[in-house]
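Chains, contacts and geometry: an overview
For reference, the chains in residue letters:
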Amino acid sequence: MPRYRLTLEYDGSGYNGFQAQTDQPTVQGAVESAITAFCGETVRLAAAGRTDTGVHATGQVISLDLEKDWPAKTVMNALNAHLVGERISVLDCVGVDGDWHARFSATGRRYLYRILNRPGPPALDHGRVWHMRKPLDAGAMHSAAQSLVGLHDFTTFRDVNCQSKSPEKTLDVARVSRVGDEVHLVFEARSFLHRQVRSMTGTLVEVGLGRWAVGDVAAALAARDRAACGPVAPSHGLYLTGVTY
């Protein structure tokens, strides 16, 4: 049975997350419906990351099996044709070996969090950035973020409903920089805990606003206590930007 790897871009604003749910619009549900419309097959796809409600993606990766061996370009074009009414686009499609898996074959995931840091609210990017009127010290945020890099128990930054067996994760990259009117936070790791990125982002914003000292983030991490986490950043500023294999 032929297996395909597809790269997706989507605006998560109108979806109740990625994962398929009964009677709820989801990215997975829309893509699987497009597949059925294209070839009549009912499939269950796999994804590199199950993004939450409102989270966007510019580099989500999925894998799926089809009974017929279609040319990859045909699959991509057909799905895009059936996704015209959705805020989802297939950017790439290639055939892969049958043992390749979008989730389990992944060796790294990269997330970007966008904060629009200016007095005026977003007009063009409404629902795609977190708007912060007060000035943020991106340098202090970056310094504080370095205490999160490495292998740690991330219980403080783990959602209470997280289903991961262990709170220990290795964060490879935590970078904060100012790009014009925006502050960008980039995080890279093999895998993340549920809402870990949004939890770390909200905490680092406290540093940027001057409410927390740089060293307070390390102390919060060491506490291994969810109560030590800062406010959780909203979902609409978060993007899954890439997956490595």
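Fair warning: this is a prediction, and the values are worked out from it, not measured in the lab.

Here is what the cut-offs are and how they apply
Residues numbered from 1 in each chain as written. Predicted model: local features only at pLDDT ≥ 70, side-chain atom pairs only at ≥ 80, totals over all residues. Heavy atoms only, no water. Phe/Tyr/Trp six-rings, centres within 6.5 Å; stacked < 30°, edge-to-face > 60°. Buried < 20%, exposed > 50% of the residue type's maximum accessible area, 1.4 Å probe, protein only. Helix = DSSP H or I, 4+ residues; strand = E, 2+ residues; numbered from the N terminus. Expected span 1.5 Å × (residues − 1). Contact = heavy atoms within 4.5 Å. Polar contact = N/O pair within 3.5 Å; in protein donor to acceptor, adjacent residues only side chain to side chain. Core = buried A, V, L, I, M, F, W, Y, C linked by side-chain atoms within 4.5 Å. Axes fitted to C-alpha atoms, helices over the stretch in contact; angles between N-to-C directions. Parallel < 35°, antiparallel > 145°, perpendicular 65-115°, else oblique. Left-handed = near helix turned anticlockwise from the far one by under 90°. Nonpolar A, V, L, I, M, F, W, Y, C, P; charged D, E, K, R; others polar.

Applying the stated criterion across every chain, the model contains 6 aromatic pairs. Ring centres of tyrosine 10 and phenylalanine 18 lie 6.3 Å apart, and the angle between their planes is 35°; this geometry places the pair in the tilted category. In this structure, tyrosine 10 and phenylalanine 18 share a single accessibility class: buried. Note on tyrosine 113 and tryptophan 130: the rings are 6.1 Å apart at their centroids and 85° apart in plane angle, and the pair reads as edge-to-face.

If you check helix H1 (residues 27–39), its first and last C-alpha atoms are 19 Å apart, about what 13 residues at 1.5 Å a residue would give, namely 18 Å. Regarding H1, the residues found buried are Val27, Gln28, Ala30, Val31, Glu32, Ala34, Ile35 and Phe38. Buried residues in H1 make contact with strand S1 (3–10), strand S3 (56–65), helix H2 (72–82) and strand S4 (88–96). The residue sitting at the N-terminus of H1 and contributing the capping side-chain oxygen is threonine 26; that oxygen lies 2.9 Å from the backbone nitrogen of glycine 29. Two residues or fewer after H1 comes glycine 40, characterised by a positive phi angle close to 80°.

Here valine 183 shows up in strand S9 (residues 182–189). Taking relative accessible area as the criterion, valine 183 reaches 0% and is therefore assigned buried. With sequence-adjacent residues up to four places away left out, valine 183 is seen in contact with Tyr113, Arg114, Ile115, Asn117, Leu136, Ala138, Met141, Val176, Ser177 and Arg178.

Another aspect to go through is the nonpolar core. Counting 65 residues, the largest nonpolar core has Leu6, Ile62, Ile115, Leu171, Leu185, Phe187 and Leu204 as the members making the most contacts within it. In terms of residue count, H1 provides more of this core than any other element does, 6 residues in total. Among all residues touching isoleucine 115, those that are not within four sequence positions of it are Trp130, Met132, Leu136, Asp181, Glu182, Val183, Leu185, Thr201 and Val205. Membership of the second largest hydrophobic core comes to 6 residues, among which are Ala48, Trp100, Ala106 and Val243.

Another aspect to go through is the packing of H1 against H2. Their axes nearest at 9 Å, the elements H1 and H2 cross at an angle of 110°. The angle between H1 and H2 falls in the class roughly perpendicular. In the packing of H1 onto H2, the handedness of the crossing is right-handed. Of the residues in H2, those touching H1 at Ala34, Ile35, Ala37 and Phe38 are Thr74, Val75, Ala78, Leu79 and His82. For the contact of H1 with H2, the per-class residue count stands at 7 nonpolar, 2 polar and no charged.

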